[in-house]
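Listed here are the chains, written in short residue letters.
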Amino acid sequence: MKILQWSMTIPKDKQKDFIRWFKEVAGPILGVFGAKKHELHKVEDKQAVGRQLAESDRFVETIYFDDKFNIPDYFEAVKQDPRAWKVSREYEGKFGATNIELRVLKLQ
């Protein structure tokens, strides 16, 4: 399985709206371009165990694909779809996402 994982910081005052928007708009729109599953998690900000990376206002978005899926095709498909492209720009524009990191993972 191939996985795209974004982590980002969302300002505290926009988090509630961001979570609702992700569930109602972004997840359904961006999750259809070959994805098997699309989910959003908030990073725990209180340390429960040693070595845990506790971060305030941090979210992780994860999209899962089959092993044979060509990841560049996902990005190209989003760019070619006007609605999806607009939604992909709202993370930063509408919700003030910062410190965005992208990882491409492969399930072993």
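Scroll up a little and you will see the structure.
Right, let's walk through the structure included here. (Residues numbered from 1 in each chain as written. Predicted model: local features only at pLDDT ≥ 70, side-chain atom pairs only at ≥ 80, totals over all residues. Heavy atoms only, no water.)

Section: the overall build of the protein chain
Across its full length, the protein chain carries three helices and four strands. When the helices and strands of the protein chain are listed from N to C terminus, the series reads β-α-β-β-α-α-β. Dimensions of the protein chain along its principal axes, counting C-alpha atoms only, are 40 × 35 × 20 Å. Scored against the burial criterion, the 108 residues of the protein chain give a buried share of 38%. (Helix = DSSP H or I, 4+ residues; strand = E, 2+ residues; numbered from the N terminus. Buried < 20%, exposed > 50% of the residue type's maximum accessible area, 1.4 Å probe, protein only.)

Some words on the packing of aromatic side chains
Going through the model one piece at a time under the given rule, you end up with eleven aromatic pairs. Judged by centre distance (6.0 Å) and plane angle (65°), the rings of Phe18 and Tyr91 are edge-to-face. Within this pair, whereas Phe18 is found in helix α1 (residues 15-30), its partner Tyr91 is found in helix α3 (residues 82-93), the two being separated by 73 residues in sequence. Seen from their ring centres, Phe65 and Phe69 are 4.4 Å apart, and the 10° between their planes marks the pair as stacked. Each member of the pair, Phe65 together with Phe69, is buried. Among the aromatic residues, those joined into a cluster by ring pairs are Trp6, Phe33, Phe65, Phe69, Tyr74 and Phe75. Here Arg89 stacks its cationic end above the ring of Trp85, 4.5 Å away from the centre of that ring. (Phe/Tyr/Trp six-rings, centres within 6.5 Å; stacked < 30°, edge-to-face > 60°. Lys NZ or Arg CZ within 6 Å of the ring centre and 35° of its normal.)

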